[in-house]
Every structure is written in C-alpha cells, then in structure tokens.
Amino acid sequence: MQSHEIDYKILGNDIQVLEVELDPNETVIAEAGAMVYMSEAIAFETKMGDGSEVNQGLMGKLFSAGTRLLTGESLFMTHFTHRGGTGKAQVAFSAPYPGTIIALDLRELPQGLIVQKDGFLAAARGTKISLHLNSKLGAGFFGGEGFILQKITGDGKAFVHAGGTIIEKRLNNELLRVDTGCVVAFEPGIDFSIARAGGLKSMIFGGEGLMLATLRGTGRVWLQSMPVKKLIQALAPAGGNVGKESGGLLGNLFQE
C-alpha cells in the first residue's frame, strides 16, 4: 500500500506538538491517546494494527496487534481521516513527556528504521510498524531498552519522539558507545549490542551504569539527551519533598 502524502508542522521548541494537515480522504495513524486537537472534518477510528495491509484478515490483525503488546505499546492505534468534502483539515499530536519530534521521509530509508519501543508517535497511513527483536542476547539481559524494538517501513512521512534534544550521528564504519536509554532510532545497517562499561571500579562508582549500548557500522543514529527514565529519576526526589511540603501546608490550613 502506498502511503498517504501528508503535510505537517512541528510547533514549539522544548515541548513540541505535531500538527498534520490532511486533504479529503487522507489518513494519519498515531499512538492511542496522542491527539491534542482536531478540526471538525476529522473523523477518527480505533483499530487493531497500522492498517498498512488493506486485505489483512482477522488473524493477521490480531498477530500484528499482539506484537505491539510485546513492545509495551497499546493493542490499538487510532486512525484520523479527513471526511470533509473539500479543503484541508488539521489534527495535532503530542508525546506523553517533554521532548523533541523529528519528521523522517521513509523513501530515504528503503530498508526502514529501527525505533525504540516508545519512540514512534505518528505516520502517514500505509506505514508498516512491526516488531524487531535484537539478535544480541546481551541486549535483552542487560539493556532492556534495546532488545524489543519497532521497525518502521514505508514510503511516506513518519514522526519519532524523544526526550530532551535529538542528536543525529552519521557513522562510517565506526563505533559509538551510548547510554542504553539514549538510543532513539538507527538504520538497519547499524549493529546494536550491549557492552560492559569499563572496569569494575568504573562500573560501580562511575555513575554511568553497568552497561553501555554499542553502535557499530555505517548509517544514521538518532540519540536523545533525556530518556524518560532519567527524567523520572531526576524529578522523583523533588516530587517527594513537594508532596510532603504541600501535605503539611494543606494540613495546617485545614487545622486552622
């Protein structure tokens, strides 16, 4: 199935919103719950799978949806279609945590793109989203982020979200070591494995974790500066103090 040709704008700087503009009968697919606003002419429907295979039977849809459960995503995806007779209509999406959105033209990625399980945001209808299992067992045992991945293929626009700032690196038969949570996406020509983070002393006291992701080969890699796990860890201590202080303040007010 040929992907629909969609227009788009990315709004904002640090906490971005993706606005997609659709012509009549054009469709964009997105993760359930990602929609922010939409025009009156937009109709939406929740379906199992990405809809890339028009004649796919029930068992095929169940299998496609089931593989999404393994990535930790929702069983369903939402399809937004312009049902108005003329003109253009808009629908906008945002990710569940602060970060950056990048647009990728899958025609420039004929082998597709490997994306972390929570990196996909939206895409033109006709884009296929499938399960990708890392063949390196170490990625499963020591770097859970890198074992179960998603593969995106097609010939239209796809949108990926990452925490903080996105950095694009081009490797030319090179090796790059990265924090396991900072890998957002990479081309299939890149070998992704997990390696020990230096010696025993560095592993225990270095603060970089026990393992690092190792990216080797030729192709593009996209990294994020603030994975959601690090964001939660950074906010958790402050959140605990705020909760206690707020509780004490409210308690004093009620006592008065």
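Bear in mind that the values here come from a model prediction, so they are computed numbers and not experimental data.

Visitor: What's the story with the side chain of Glu187 in this structure? I'm lost.
Guide: Position of Glu187 among the secondary structure elements: in the loop between β15 (183-186) and β16 (190-196). Residue classification places Glu187 among the buried positions, given a relative accessible area of 18%. Within the structure, the side chain of Glu187 is placed 2.8 Å from the backbone nitrogen of Arg220, a separation counted as a polar contact. When residues no more than four places from it in sequence are discounted, the contact partners of Glu187 are Leu109, Leu113, Gly219, Arg220 and Trp222.

Visitor: In this structure, what is going on with the packing of aromatic side chains? I would like to understand it.
Guide: The tally for this structure, following the rule as stated, stands at four aromatic pairs. Where Phe80 meets Phe93, the ring centres are 5.2 Å apart and the plane angle is 70°; that geometry is what we call edge-to-face. Of this pair, Phe80 sits in strand β6 (residues 76-82) while Phe93 sits in strand β7 (residues 89-93), and the two are 13 residues apart along the sequence. An identical accessibility class is assigned to Phe80 and Phe93; each is buried. Taken together, the aromatic side chains of Phe44, Phe80 and Phe93 make up a single cluster linked through ring pairs.

Visitor: How should the nonpolar core be read in this particular structure?
Guide: The nonpolar side chains of a soluble globular protein tend to be buried with one another. Among the nonpolar cores identified, the biggest contains 19 residues, and Leu113, Phe120, Val160 and Trp222 are the most heavily contacted of them. Among the elements that line this core, the one with the most residues is strand β13 (residues 157-163), at three residues. In terms of nonpolar packing, the next biggest core, distinct from the first, is built from 17 residues, Ala89, Phe93, Ile101 and Ala124 among them.

Visitor: Please clarify how the pattern of salt bridges should be interpreted in this entry.
Guide: Where charged atoms from two side chains of opposite charge approach closely, those side chains can pair. Within the structure shown, the criterion is met by eight salt bridges. In this structure, Lys88 engages Asp23 in a salt bridge whose closest nitrogen and oxygen atoms are separated by 2.6 Å. Of the two residues, Lys88 is situated in the loop between β6 and β7 and Asp23 in the loop between β2 (17-22) and β3 (27-31); the sequence distance between them amounts to 65 residues. Classification of Asp23 by relative accessible area gives partly exposed; the value is 26%. Between Arg170 and Glu168 there is a salt bridge, and its shortest N-O distance comes to 3.6 Å. Note on Arg170: relative accessible area 60%, which makes it exposed. What makes Glu168 partly exposed here is its relative accessible area of 38%. Three or more residues joined by partner-sharing salt bridges are found here, namely Glu168, Arg170, Glu187 and Arg220.

Analysis parameters
Residues numbered from 1 in each chain as written. Predicted model: local features only at pLDDT ≥ 70, side-chain atom pairs only at ≥ 80, totals over all residues. Heavy atoms only, no water. Helix = DSSP H or I, 4+ residues; strand = E, 2+ residues; numbered from the N terminus. Buried < 20%, exposed > 50% of the residue type's maximum accessible area, 1.4 Å probe, protein only. Polar contact = N/O pair within 3.5 Å; in protein donor to acceptor, adjacent residues only side chain to side chain. Contact = heavy atoms within 4.5 Å. Phe/Tyr/Trp six-rings, centres within 6.5 Å; stacked < 30°, edge-to-face > 60°. Core = buried A, V, L, I, M, F, W, Y, C linked by side-chain atoms within 4.5 Å. Salt bridge = Lys/Arg side-chain N within 4 Å of Asp/Glu carboxyl O.

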